[in-house]
Amino acid sequence: MNEQEITGPMSLESLQASVGVRTGRTHILTILVENKPGVLSRVAGLFARRGFNIDTLAVGPTEDPDFSRITLTVDGAVHPIDQVTKQLHKLINVIKIRDLEPGEAVQRELAMFKIDADGARRAEVLQIVEIFRGKIVDLGQLTIVVEITGTSEKIEAFEQMIRPFGLVEMARTGEIAISRGGTET
Amino acid sequence: MRAVDALMECLKAEDVEVVFGLPGGANLPTYDAFYDAGIRHVLVRHEAGGGHAAEGYAKATGRVAVCFGTSGPGATNLVTPICDAMMDSVPVVFITGQVRTDLLGTDGFQEADTMGMTLPMVKHSFMVQDAQDLPAMIHEAFHIARTGRPGPVLVDIPVDLSKDDIEYLPRTEVELPGYQPIIEGNQRQIRLAANALAHSRRPVLYAGGGVISAEASAELIALAHAGSFPVTCTLMGLGAFPATDPQWLGMLGMHGTRAANYSMDEADLIVCIGARFDDRITGKLDEFAPHAKFIHIDVDPAEISKNVPAHIPIVGDAKNILSRLLGEYRATEADPARLDEWLERIQAWKDKYPLSFADSEDSEIKPQFMIQALHEATGGEAIVTSDVGQHQMWTAQHYGFPAPRRWINSGGLGTMGFGLPAAIGAQIGCPDQMVVVVAGDGSLQMNSQEFATVVQEGLPIKVFILNNGFLGMVRQWQEMFWDNRYSHVDLREHSPDWVKLADAYGMKGVQLTQKESLVEDMKAVLAMDGPVLCDVLVSREENTFPMIPAGAAARDMVG
Ligand SMILES: Cc1ncc(C[n+]2csc(CCOP(=O)(O)OP(=O)(O)O)c2C)c(N)n1
Ligand SMILES: [Mg+2]
């Protein structure tokens, strides 16, 4: 809206309330925080208290030892994302929050799968691992442990494929993300 | 010097004139430092009393208040005032002792996870891990408590670290990269808001406690007068707009006036300033102000569109924004005649539905009458604190606050037992003002130990108990919504003899029962030196009306 419109005539009917909408997609929030005691509890507690559900959460150091980065994913179909980010911004130890648009960032997650793979089925399992460019990180008599890295979709697709063979255990790190090109995350 | 001596220096550097607290094992070093630090320390009788006294001080003066407690039970006793201060945005720095660092996490004697248990109810908190950091943390705590949207900040100090020798360099500037409150409102948004006001035909200004925190009362009045806008305030905002002003609608919300609630219901434009669309204001959210567009002014961006979507959000300090909005509104040269019809409609509501009650036919004192009598006896000029319940609502409705920082109550948390300790803080902060408590006979029993503090400090506080012999507000709900089944609300049999209790504490006590002489009797009480406890017997089963039943819409007010 330009100056002209603002100073000129306006009807109240034309005013729109734009916030509080649910976007209907998963949001990846990367949150730069000061490395202070309790900071993770503050973030997690905020989500719990406001009834926001965290789908995944990953925490680790950054290039600067004074700061950590929290990457978390939230379902924008359930929660108004602007409320989530505004509440997070109120935390004193939160320096910066970015809601990374799917196109402008690279996301990766690591998962490990322990799979029943004895005898005849082993070859078939190994073939699927190959297709997903997984790595065998442990090879036992009855089971194998496979490491898969990629987007959450890829990991979920692998899980679907492997379940029928007997998925014994699964562990996932949750997604981390970094912006593409020169822009800061 | 010892970290605790540096702490004293920090308090002096922050111009702290008084602290409230109670010592224990984990803050013995701190209390050793208080011994000759030359800072006024008010010994309370319960940490909750100390916390509410600090709140009363902060609310009456606008300054950051300080409260001390020990670890474990000292800290758990502070949980209620910390939460109360969070809900009502009161700037208080709470400083607690903690067990030795080598005992942390071992369930040591009097160990409680003070940081953990208060995490959801502080603006921020610090745990000292290196004594050298303590001075910076204290100054950061004051800065955070005072600026932006005010609130409680906790500093937890393990007892061993508090004795450490540190180097103290006086400084108060702080470095907080993640904390930059927005003060200046956006010019474009302010102009848009002025334009919207100029086009509105049924505007209402709805002001909350944020106007008082921002010291923006004069700006609110100026804007209201410039545009002939009607004004309503929340429970927390009372006094921000004078109750004597012809443009005053009365309080809004659950026990607000019909004029205020009906105005919200029919408004085409609502300007919310430093308020947060609490459920006690909106009632049924879907039916709240169905015809209105909203301008929302708040220093806390997270309040914008939290409950009610804003059409014109303006983030920043209310004083800054209101004064510029006034300028922009004047520039629109809007025709005041466009509001004539609206203002007539409002006047008709005010005439038809004044706050009224059926007075007794004998000399029984009706509670509403008691508050009106108190107004008369004090000339409307007292700082009034209250507890929580019917008496609180009657005071809000009938006292008629003429100025900000005169009405001190627990709104967000609704903490019984708030009134007496809050009055201690208010009287210490404002020694030349008349401070009175309107206490509930139930609530007062939750912090009556603080009478000892009142007497010890020689504070001339006058406590008026609105004595209905009931947990009255709960009784009212049981009467109205639970089929008259009075379950555990009758206090009459086993309440103390208040006059004797006053006597036991070494203060005056009187009982008042006669309507005819009430104003004169109250004046006599107010004229006495020192503290007085005045037990006023009122009708037992009077209800607080009008009322929007919980979850109903404004136009469905009852009573
Ligand atoms: C600490 C606490 N416990 C319980 C309540 C619930 N409650 C709200 S009002 C009320 C009755 C208060 O009685 P009293 O102080 O006598 O005030 P009245 O309503 O009779 O004026 C109660 C129990 C509360 N607000 N705070
Ligand atoms: Mg009562």
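Quantities reported herein were computed from a predicted structural model and do not represent experimental measurements.

1. Concerning the overall build of chain B
Now for step 1: In terms of regular secondary structure, chain B is built from 21 helices and 18 strands.
Now for step 2: For 559 residues, the compact-globule estimate of 2.2 N^0.38 gives 24 Å, and chain B sits close to it at 24 Å.
Now for step 3: Considered along the principal axes of its C-alpha atoms, chain B spans approximately 70 × 60 × 45 Å.
Now for step 4: Burial status across chain B gives 61% buried among its 559 residues.
Now for step 5: At a minimum sequence separation of 6, the contacts of chain B that also span at least 24 residues come to 75%.
Now for step 6: Surface summary for chain B: the accessible area is close to 20400 Å², and the carbon and sulfur share equals 50%.

2. Thoughts on the nonpolar core
Residue and element names in this part refer to chain B.
Now for step 1: Judged by nonpolar contacts, the single largest core of 72 residues is most densely connected at Leu220 and Phe464.
Now for step 2: Counting only domains with at least three residues in this core, you end up with domain 2 (187-352) and domain 3 (367-537).
Now for step 3: In this view, Phe464 contacts Met370, Leu374, Val436, Val437, Val438, Ala439, Met522, Val525, Leu526, Cys534 and Val536; residues no more than four positions away in its chain are not counted.
Now for step 4: Val18, Ala53, Tyr57 and Ala422 belong to the second-largest nonpolar core, a separate cluster that totals 44 residues.

3. Notes on the domain arrangement of chain B
Residue and element names in this part refer to chain B.
Now for step 1: Segmentation of chain B into domains returns domain 1 (3-162), domain 2 (187-352) and domain 3 (367-537).
Now for step 2: The C-alpha centroid of domain 3 is placed 28 Å from the C-alpha centroid of domain 1.
Now for step 3: Counting residues at the interface gives 25 residues for domain 1, matched by 25 residues for domain 3.
Now for step 4: Approximately 2000 Å² of surface area, both sides summed, lies buried where domain 1 meets domain 3, with 62% of it carried by carbon and sulfur atoms.
Now for step 5: Of all residues in domain 1, Arg45, Lys59 and Ala60 give up the largest surface area on contact with domain 3, accounting jointly for 27% of the area buried on that side.
Now for step 6: Counting every contact that joins domain 1 to domain 3 gives one salt bridge.
Now for step 7: A salt bridge links Glu457 to Arg40, with the nearest nitrogen and oxygen atoms 3.0 Å apart.
Now for step 8: Connecting domain 1 to domain 3 are eleven residue pairs in polar contact (both at pLDDT 80 or more).
Now for step 9: When contributions to the side of domain 1 that touches domain 3 are tallied by element, the ones reaching two or more residues are strand E1 (18-21), strand E2 (40-43), helix H3 (47-61) and helix H4 (73-87).
Now for step 10: If you tally residues by element for the side of domain 1 that touches domain 3, the top one is H3, at eleven residues.
Now for step 11: Of the residues belonging to the side of domain 1 that touches domain 3, the class tally is twelve nonpolar, seven polar and six charged.

4. A closer look at the domain arrangement of chain A
All names here are of chain A.
Now for step 1: Segmentation of chain A into domains returns domain 1 (23-104) and domain 2 (106-177).
Now for step 2: Measuring from the centre of the C-alpha atoms in domain 1 to the corresponding centre in domain 2 gives 28 Å.
Now for step 3: Every contact between the two is made by nine residues of domain 1 and, on the other side, six residues of domain 2.
Now for step 4: Roughly 600 Å² of surface becomes buried between domain 1 and domain 2 when both sides are summed, with 58% attributable to carbon and sulfur atoms.
Now for step 5: When the buried surface of domain 1 facing domain 2 is broken down by residue, Ile28, Thr56 and Thr71 rank first, second and third, together holding 49% of it.
Now for step 6: On the surface where domain 1 and domain 2 come into contact, there are zero residue pairs in polar contact (both at pLDDT 80 or more).
Now for step 7: Within the residue set of the side of domain 1 that touches domain 2, elements represented by two or more residues are strand E1 (26-34), strand E2 (54-61) and strand E3 (67-75).
Now for step 8: Looking at the side of domain 1 that touches domain 2, the element that brings in the most residues is E2, giving three residues.

5. Side note on the packing of aromatic side chains
Residue and element names in this part refer to chain B.
Now for step 1: According to the stated counting rule, one finds 20 aromatic pairs over all chains in the structure shown.
Now for step 2: Here the aromatic cluster, defined as three or more aromatic residues joined through ring pairs, consists of Tyr206, Phe277, Phe288 and Phe294.
Now for step 3: Positioned above the aromatic ring of Phe470, the side-chain terminus of Arg475 is 5.6 Å from the ring centre.
Now for step 4: Here Arg540 stacks its cationic end above the ring of Phe470, 4.1 Å away from the centre of that ring.

6. Comments concerning the coordination of the magnesium ion (ligand 2)
All names here are of chain B.
Now for step 1: Around the magnesium ion (ligand 2), the donor atoms from the protein are Asp441 (OD), Asn468 (OD1) and Phe470 (O), and they sit 2.0 to 2.2 Å away.
Now for step 2: Site description for the magnesium ion (ligand 2): donor spacing in sequence, D-x26-N-x1-F. An identical accessibility class is assigned to Asn468 and Phe470; each is buried.

7. Remarks on the interface of chain A and chain B
Now for step 1: Taken together, the contact pairs 31 residues of chain A with 34 residues of chain B.
Now for step 2: Summed over both sides, the interface between chain A and chain B buries roughly 2700 Å², with carbon and sulfur atoms accounting for 61% of that surface.
Now for step 3: Applying the counting criterion to the chain A and chain B interface returns one salt bridge.
Now for step 4: Between Asp300(B) and Lys90(A) there is a salt bridge; the shortest N-O distance is 2.6 Å.
Now for step 5: Where chain A touches chain B, the interface holds six residue pairs in polar contact (both at pLDDT 80 or more).
Now for step 6: Elements with a contribution of two residues or more to the side of chain A that touches chain B: helix H1 (3-7), helix H2 (39-50), helix H3 (81-90) and strand E4 (94-100) of chain A.
Now for step 7: The element contributing the most residues to the side of chain A that touches chain B is H3(A), with five residues.
Now for step 8: Considered class by class, the residues forming the side of chain A that touches chain B number 13 nonpolar, nine polar and nine charged.

8. Examining a nonpolar patch on the surface
Residues and elements named next belong to chain A.
Now for step 1: A cluster of nonpolar side chains, namely Leu40, Leu57 and Val59, defines an oily patch on the protein surface of about 220 Å² accessible area.
Now for step 2: Position of Val59 relative to the elements: it lies in strand E2.
Now for step 3: A residue is classified by how much of its surface remains accessible, and Val59, at 48% relative accessible area, is partly exposed.

9. With respect to unusual backbone geometry
Residues and elements named next belong to chain B.
Now for step 1: The peptide bond linking Phe545 to Pro546 adopts the cis configuration, its omega dihedral lying at -5°.
Now for step 2: When you line up the elements, Pro546 lands in the segment after strand E18 (532-537).
Now for step 3: The phi angle at Ala289 is positive, at roughly 40°, despite the residue not being glycine.

10. Some points on the site of ligand 1
Residue and element names in this part refer to chain B.
Now for step 1: Inspection of the region around ligand 1 gives 17 residues, with Gln390, His391, Asp441, Ser443 and Gly472 positioned closest.
Now for step 2: Within the side chain of Asn468, one N or O atom sits 2.9 Å away from an oxygen atom of ligand 1.
Now for step 3: Burial of ligand 1 by the protein amounts to 75% of the accessible area it has alone, namely 580 Å².
Now for step 4: Sorting the residues of the shell around ligand 1 by element identifies helix H16 (390-398) and helix H19 (472-481) as the ones contributing at least two each.
Now for step 5: Of all the elements, H19 adds the most residues to the shell around ligand 1, at three residues.
Now for step 6: Looking at the shell around ligand 1, its residues break down into seven nonpolar, nine polar and one charged.

11. Section: the environment of Gln514(B)
Residues and elements named next belong to chain B.
Now for step 1: With respect to the secondary-structure elements, Gln514 resides in the loop between strand E17 (508-512) and helix H21 (518-527).
Now for step 2: Overall, the relative accessible area of 37% leaves Gln514 in the partly exposed class.
Now for step 3: Residues Gln514 and Val536, 22 residues apart in the sequence, show an inter-C-alpha distance of 9.0 Å.
Now for step 4: Once residues lying within four places of it in the same chain are set aside, the contact partners of Gln514 are Ser363 and Ile365.

The rules behind each value
- Residues numbered from 1 in each chain as written.
- Chains lettered and ligands numbered in written order.
- Predicted model: local features only at pLDDT ≥ 70, side-chain atom pairs only at ≥ 80, totals over all residues.
- Heavy atoms only, no water.
- Helix = DSSP H or I, 4+ residues; strand = E, 2+ residues; numbered from the N terminus.
- Rg over C-alpha atoms; globule rule 2.2 N^0.38 Å.
- Buried < 20%, exposed > 50% of the residue type's maximum accessible area, 1.4 Å probe, protein only.
- Contact = heavy atoms within 4.5 Å.
- Areas by Shrake-Rupley, 256 points an atom, 1.4 Å probe, with all protein chains shown as cover.
- Core = buried A, V, L, I, M, F, W, Y, C linked by side-chain atoms within 4.5 Å.
- Domains from an automatic or database assignment.
- Buried area = accessible area lost by both parts, 1.4 Å probe.
- Salt bridge = Lys/Arg side-chain N within 4 Å of Asp/Glu carboxyl O.
- Polar contact = N/O pair within 3.5 Å; in protein donor to acceptor, adjacent residues only side chain to side chain.
- Nonpolar A, V, L, I, M, F, W, Y, C, P; charged D, E, K, R; others polar.
- Phe/Tyr/Trp six-rings, centres within 6.5 Å; stacked < 30°, edge-to-face > 60°.
- Lys NZ or Arg CZ within 6 Å of the ring centre and 35° of its normal.
- Donors = N, O, S within 2.8 Å, 3.2 Å for Na, K, Ca; no water.
- Patch = residues over 30% accessible without salt bridge, like charges linked within 9 Å, V, L, I, M, F, W, Y side chains within 5 Å.
- Near = heavy atom within 4 Å.

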